[in-house]
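Residue strings, one per chain:
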Amino acid sequence: MMNKKILTAVVTAILLFVGGEVFAKNPQHRDVAGAVYAMTNDASGNEIVMFDRDHRGALTAAGSIATGGIGSGDGLDPLASQGSLVLSRDKRWLLAVNAGSDDISVFRVLPTGLKLVDKVGSGGDLPVSLAVFHDLVYVLNAGMSPNITGFYLGHRGHLIPLSASTRSLGSGGFSQVGFDPQGNRLVITDRADNEILVYTVGRNGLPDMNPAVSPSNGLGPFGFIFDERGHLLVAEAGSGAVSSYKILQDGTLQVISPSVANGQAATCWIAGTERGGVFTANTASQTISAYTVTTGNGQITLHDATAGFAALPIDLAVSANGRFLYALAPGNGTVHAFRAGHGGLLIDLGAVDGGLSIFAQGIAAR
């Protein structure tokens, strides 16, 4: 009969080494409720830095794993995008862009960490943003000859190129691609031409050949999210504001709340909770602004222009339970944690060192 301590050690060893990959495991056996992931975007080898999250929202560093590709490096916010690191809706898969090697990495999310299961070419130059809806994935390639390209996500995490899915975008400065809540539309922001593109997606997963193009209400449309009713909320880097829209039947946009300003600079990234809290990262001001959205009609109201502070925050993620907000802060190499209360209230939980460089980009939470 195997001794209980020996059995425990054997099980631990199995968990730490699966399929040739080493996984991070906390030796103190904390009560882990979730995780946060950040991407190094390092040109010498891209990696995902992992953090365990406890029930109170606090983070503990839990190691890192290579993507198998390379990042872009090169200063603050080199990808100029939202959505470079995303989780699937069921939280089974984590997808990352490798902007330096023009490919996409897929990780299986495990209780003990991450396992790299696939890496495929992005179908273009400089992939910067990913959109996932069930088994459908689209990547925004923002380099030479910008385009979007589609893939099927297999049940084992493999990406299969979707034939005839590539759509050329023309010139511009494109920051994010994303699905609406029903998966019927693909939205793309063009910060350079101050436009928002909307593709209708067919049952075969293919977008229309041409998008509906609407002018952005404010300058520099960058990151965006949707509320529960499918209203589009867009952060405006040039206006220091958020605008909300209704997507009409033909794909054009109807303004609901026009450019609700926060008085901050470089309002690029946006995240929201199911309770109607909406937050923006204002990089140049080193602040986080809090808004509220009226779910029924999509109206935006500024709650607090300086609800939180972080060192050059350039990306945001909300935990799966909607209670915690995390900001990637490459200004000091950390991930900054906040508790998200009702009405846009943020309670500072402090920053955790991730050893991240100034060119780190992308954050996801579960």
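Residues numbered from 1 in each chain as written. Predicted model: local features only at pLDDT ≥ 70, side-chain atom pairs only at ≥ 80, totals over all residues. Heavy atoms only, no water.

Engineer: Even after reading the chapter, I still don't get the overall build of the protein, so can you show me in this structure?
Structural biologist: Across its full length, the protein carries one helix and 31 strands. Expected size for 366 residues packed as a compact globule is a radius of gyration near 21 Å; at 20 Å, the protein falls within 12% of this value. Taken over the C-alpha atoms alone, the protein extends approximately 70 × 45 × 40 Å along its principal axes. When each of the 366 residues of the protein is scored for burial, the buried share is 55%. Contacts in the protein between residues far apart in sequence, at least 24 positions, make up 50% of those at least 6 positions apart. Surface accessibility of the protein: about 14500 Å² in total, with carbon and sulfur atoms responsible for 53%. Each charge class in the protein was averaged separately, 23 positive and 28 negative side chains, and the resulting centres sit 13 Å apart. (Helix = DSSP H or I, 4+ residues; strand = E, 2+ residues; numbered from the N terminus. Rg over C-alpha atoms; globule rule 2.2 N^0.38 Å. Buried < 20%, exposed > 50% of the residue type's maximum accessible area, 1.4 Å probe, protein only. Contact = heavy atoms within 4.5 Å. Areas by Shrake-Rupley, 256 points an atom, 1.4 Å probe, with all protein chains shown as cover. Lys, Arg positive; Asp, Glu negative; His and termini not counted. Charge placed at Lys NZ, Arg CZ, Asp CG, Glu CD.)

Engineer: I tried to follow the sheet that holds strand 21 (residues 241-247) on my own but got confused; where do I start?
Structural biologist: Strand pairing in a sheet relies on backbone hydrogen bonds, with the paired strands running either antiparallel or parallel. Spatial ordering of the open sheet is given by 19-20-21-22, a layout of four strands whose pairing is antiparallel. In this open sheet, the two strands that pair with only one neighbour each are strand 19 (221-226) and strand 22 (253-261). Within this sheet the neighbouring strands show an average axis-to-axis angle of 25 degrees, counted without direction. Sheet topology note: the strand 19/strand 20 (residues 232-236) ladder contains four bridges and is antiparallel. Considered in strand 20, the bridge of F226 is made with L232. (Pairing = 2+ DSSP bridges. Axes fitted to C-alpha atoms, helices over the stretch in contact; angles between N-to-C directions.)

Geometric descriptors of this kind do not, in isolation, establish any biological role.
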